[in-house]
Amino acid sequence: MSARIFNETERHWLRLHLTPGLGRVGLLRLQQAFGSPAAALAATAQERRRAGLRPQVAAAIPAADDPALLECRRALELAGVRLVSLWDADYPRLLAAIHDPPALLYVRGDLPMADSLAVVGSRRAPAAVLRLTEEICCELGERGICIVSGLARGIDTAAHQGALAGGAATVAVL
């Protein structure tokens, strides 16, 4: 992966996401109230409180030149990471349809739009189960099905290895 530079919207999302105490629900409230991360940042702490944030959270958004924010952004950019929000066109539609989708995804690489299958399993699976998982995911990969898993040892690793052996894309959710 090569370094990339965050666009303005990504910089705004990162600032909001790094606000102590501001989680998924707070990001949803800000987006609903202000329509964009830029507008949420331009709002006063009082306006953010009216949008549903706790007072200490509404006032805790880091400054654009905060050293910790800048260091985090630099590390993400060097790693080739981009931010995809729930409101972006390339946010995975099936993920957006779940009950509690994440407001932001930190993405390295591409988000495949192919059919996908999530695989979750034990970190200490027997060897025969690991082989079977790899074989099944290889066959699925040959049919163009993307495997989504956590990249942990055990079943997750076998699933990713099988999909890659079958020529499919994989998505690791960390």
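Residues numbered from 1 in each chain as written. Predicted model: local features only at pLDDT ≥ 70, side-chain atom pairs only at ≥ 80, totals over all residues. Heavy atoms only, no water.

Draft legend 1. Summary view of the overall build of the chain. Helix and strand content of the chain: 9 helices and 5 strands. Reading the chain from its N end, one meets helices and strands in the order α-α-α-α-α-α-β-α-β-β-α-β-α-β. Taking the principal axes of the C-alpha coordinates as reference, the chain spans close to 60 × 35 × 30 Å. Sorting the 174 residues of the chain into buried and exposed places 36% on the buried side. In the chain, 60% of the contacts between residues at least 6 apart in sequence involve partners at least 24 apart. Positive and negative charge centroids in the chain, built from 19 and 17 side chains respectively, lie 7 Å apart. (Helix = DSSP H or I, 4+ residues; strand = E, 2+ residues; numbered from the N terminus. Buried < 20%, exposed > 50% of the residue type's maximum accessible area, 1.4 Å probe, protein only. Contact = heavy atoms within 4.5 Å. Lys, Arg positive; Asp, Glu negative; His and termini not counted. Charge placed at Lys NZ, Arg CZ, Asp CG, Glu CD.)

Draft legend 2. Highlighting the environment of P37. Along the chain, P37 turns up in helix α3 (residues 37-42). Between the alpha carbons of P37 and L14 there is a distance of 9.4 Å; along the sequence they are 23 residues apart. Discounting chain neighbours no more than four positions away, the residues touching P37 are T9, H12, W13, L16 and Q31.

Draft legend 3. Representation of the nonpolar core in the model. W13, L14, L16, L22, L27, L30 and L53 are the most contacted members of the largest nonpolar core, which has 19 residues in total. Among the elements that make up this core, the one with the highest residue count is helix α1 (residues 8-17) (3 residues). Among residues more than four places away in sequence, those in contact with L27 are W13, L16, H17, L22, W87, A103 and L104. Ranked by size, the runner-up nonpolar core spans 9 residues in total, among them V119, I147, A163 and A168. (Core = buried A, V, L, I, M, F, W, Y, C linked by side-chain atoms within 4.5 Å.)

Draft legend 4. Fine view of helix α8 (residues 127-142). Taking 1.5 Å of rise per residue, 16 residues should cover 22 Å, and α8 covers 23 Å from first to last C-alpha, within 8% of that figure. Those residues of α8 not exposed but buried are T133, C137, C138, L140 and G141. Mapping the buried residues of α8 onto a view down its axis gives an arc of 165°, with all of them on the same face. Exposed residues on α8 whose side chains face more than 90 degrees from its buried face are R131, E135 and E142. Where the residues of α8 are buried, they touch β3 (116-118), β4 (146-149) and α9 (155-165). Directly beyond the C-terminal end of α8, a positive phi value near 85° is found at G144. (Expected span 1.5 Å × (residues − 1). Arc of directions from axis to C-beta.)

Draft legend 5. Representation of the packing of α1 against helix α6 (residues 67-78) within the structure. Put simply, α1 and α6 touch, their axes get as near as 11 Å, and they point 125° apart. With respect to their mutual orientation, α1 and α6 come out oblique. For the pair α1 and α6, the sense of crossing is right-handed. From α1, R11, L14 and R15 reach across to α6, where they touch L69, C72, R73 and L76. Across the contact of α1 with α6, the residue classes break down as 4 nonpolar, no polar and 3 charged. (Axes fitted to C-alpha atoms, helices over the stretch in contact; angles between N-to-C directions. Parallel < 35°, antiparallel > 145°, perpendicular 65-115°, else oblique. Left-handed = near helix turned anticlockwise from the far one by under 90°. Nonpolar A, V, L, I, M, F, W, Y, C, P; charged D, E, K, R; others polar.)

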